[in-house]
Amino acid sequence: MNDRIRTDIAHNARVWNYWLGGKDNYPVDRAVGDQVTAFHPSIGEVARADRAFLGRVVTGLASDGVRQFLDVGTGLPTADNTHEVAQRIAPDARIVYVDNDPIVLTHARALLTSAPEGVTAYVDADAHDPEKIVAAAGEVLDLTRPVAVLMLGILNFVLDTDEARSIVRTLMAAVPSGSHLVLTHPTYDPELGGEGNREAMAFWNENATPPITARTREEFTSFFDGLELLGPGVVSCARWGAPEAPAVAQFGAVGRKP
């Protein structure tokens, strides 16, 4: 077995897969996932809302002519992955998935196959190394044409907010005008029911990997500095494009590079 694969400690990609109803997880992931759910009973709804947000945003961007997607922090494949949603509308869409978890990469290469007209590629890189991501993505994507950069539930694993902002700036500096930044991020915001995140995240950081942090609305919004926030702005990801949906404690927003 790959020596990077740890089955004795819960891992985010596998726990997230468990919350989404997938089978690519281990007993330790299910045990930690159940304990987090005990602290934060709506966490499964957060996972499903985050996935639905991805579908709505990628559908909208592909319908508006975006043909290139850089999905950083892919996670384990499940239903309606980025390339499936995009290529349903635009079979020639090109998608680069980025993750640094060996289980994710193994499953992605086996399961995420492109439409013949398009391209699906995989990069083994850490979100903390945006220069490597840009260099690898540039081998597949035309970085002179607009790219949608997706980082769903990823910046919460970059504990230093200044570093997280720097990662976003590096990625968005590499893509041209007309590109988009798509983010989701957990929060303690009580207006979104985020109080349950506090105890759940403390338990997670003691029992699973990688460590995680929440951010305020202001901190999350700062990731879009220099970009044009698309309507409805910063909202619960469940309500972006579905305004009547019940809110979850996960911000979602889309910005466009002018």
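If you're wondering where the values come from, they're calculated on a predicted model, not measured in any experiment.

A. Local environment of the overall build of the chain. When helices and strands are counted, the chain shows 9 helices and 10 strands. The C-alpha radius of gyration computed for the chain amounts to 17 Å, which stays within 12% of the reference 18 Å derived for 258 residues, consistent with globular compactness. The buried share of the chain, taken over its 258 residues, is 53%. Expressed as a percentage of contacts within the chain between residues at least 6 apart in sequence, the contacts between residues at least 24 apart total 73%. Taken as a whole, the chain presents about 10900 Å² of accessible surface, with 51% of it coming from carbon and sulfur. Both charge centroids of the chain, one from 22 positive and one from 34 negative side chains, sit 3 Å from each other.

B. Looking closely at the pairing of strand β6 (residues 180-186). A large share of β6 lies buried, amounting to 7 of its 7 residues. Side chains of β6 alternate between two faces, with His180, Val182, Thr184 and Pro186 and Leu181, Leu183 and His185 buried alike. Where strand β5 (residues 148-152) meets β6, 5 bridges bridge the pair, whose relative direction is parallel. Paired with Ala148 across the strands is His180, a residue of β6. The pairing of β6 with strand β10 (residues 250-256) spans 7 bridges and is classified as antiparallel. Counted as the bridge partner of Pro186 is Gln250 from β10.

C. Seen up close, the pattern of salt bridges. In this structure the tally under the stated criterion is 5 salt bridges. Between Asp92 and Arg67 there is a salt bridge, with its nearest N and O atoms 3.6 Å apart. In this pair, Asp92 sits in the loop between α4 (82-89) and β3 (94-99) while Arg67 sits in the loop between α3 (43-63) and β2 (68-72), placing the two residues 25 residues apart along the sequence. When its relative accessible area of 23% is taken as the criterion, Arg67 is described as partly exposed.

D. Region of the structure containing the nonpolar core. Ranked by size, the top nonpolar core spans 44 residues in total, and within it Val36, Phe53, Phe69, Leu150 and Val182 carry the most contacts. The set of elements that each furnish at least two residues to this core consists of α1 (12-19), α2 (27-39), α3, α4, β3, β5 and α8 (195-207). No other element matches α3, which puts 10 residues into this core. The next biggest cluster of nonpolar side chains, apart from the first, holds 36 residues, and it includes Ala121, Val123, Leu171 and Ala249.

E. Representation of unusual backbone geometry. The amide bond that connects Thr209 to the next residue, Pro210, takes the cis arrangement and shows omega of -10°. For Pro210, the location among the structural elements is in the loop between β7 (208-209) and α9 (217-222). Omega for the bond connecting Gly231 with Pro232 falls within 30 degrees of zero, at 5°, which places this linkage in the cis form. Within the secondary structure layout, Pro232 lies in the loop between β8 (228-229) and β9 (235-236).

F. Representation of the packing of aromatic side chains in the model. Scanning all chains against the criterion turns up 7 aromatic pairs. With 5.8 Å between their ring centres and 80° between their planes, Phe53 and Trp240 make a pair best called edge-to-face. In this pair, Phe53 is assigned in helix α3 and Trp240 in the loop between β9 and β10, connecting sequence segments 187 residues apart. Note on accessibility: Phe53 and Trp240 belong to one class, buried.

G. How the structure looks around α1. Most of α1 is tucked away, with 6 of its 8 residues classed as buried. Along α1, the positions that sit buried rather than exposed are Asn12, Ala13, Arg14, Val15, Asn17 and Trp19. Phi turns positive one or two residues past the end of α1, at Gly21, with a value near 90°.

What counts, and at which threshold
- Residues numbered from 1 in each chain as written.
- Predicted model: local features only at pLDDT ≥ 70, side-chain atom pairs only at ≥ 80, totals over all residues.
- Heavy atoms only, no water.
- Helix = DSSP H or I, 4+ residues; strand = E, 2+ residues; numbered from the N terminus.
- Rg over C-alpha atoms; globule rule 2.2 N^0.38 Å.
- Buried < 20%, exposed > 50% of the residue type's maximum accessible area, 1.4 Å probe, protein only.
- Contact = heavy atoms within 4.5 Å.
- Areas by Shrake-Rupley, 256 points an atom, 1.4 Å probe, with all protein chains shown as cover.
- Lys, Arg positive; Asp, Glu negative; His and termini not counted.
- Charge placed at Lys NZ, Arg CZ, Asp CG, Glu CD.
- Pairing = 2+ DSSP bridges.
- Salt bridge = Lys/Arg side-chain N within 4 Å of Asp/Glu carboxyl O.
- Core = buried A, V, L, I, M, F, W, Y, C linked by side-chain atoms within 4.5 Å.
- Phe/Tyr/Trp six-rings, centres within 6.5 Å; stacked < 30°, edge-to-face > 60°.

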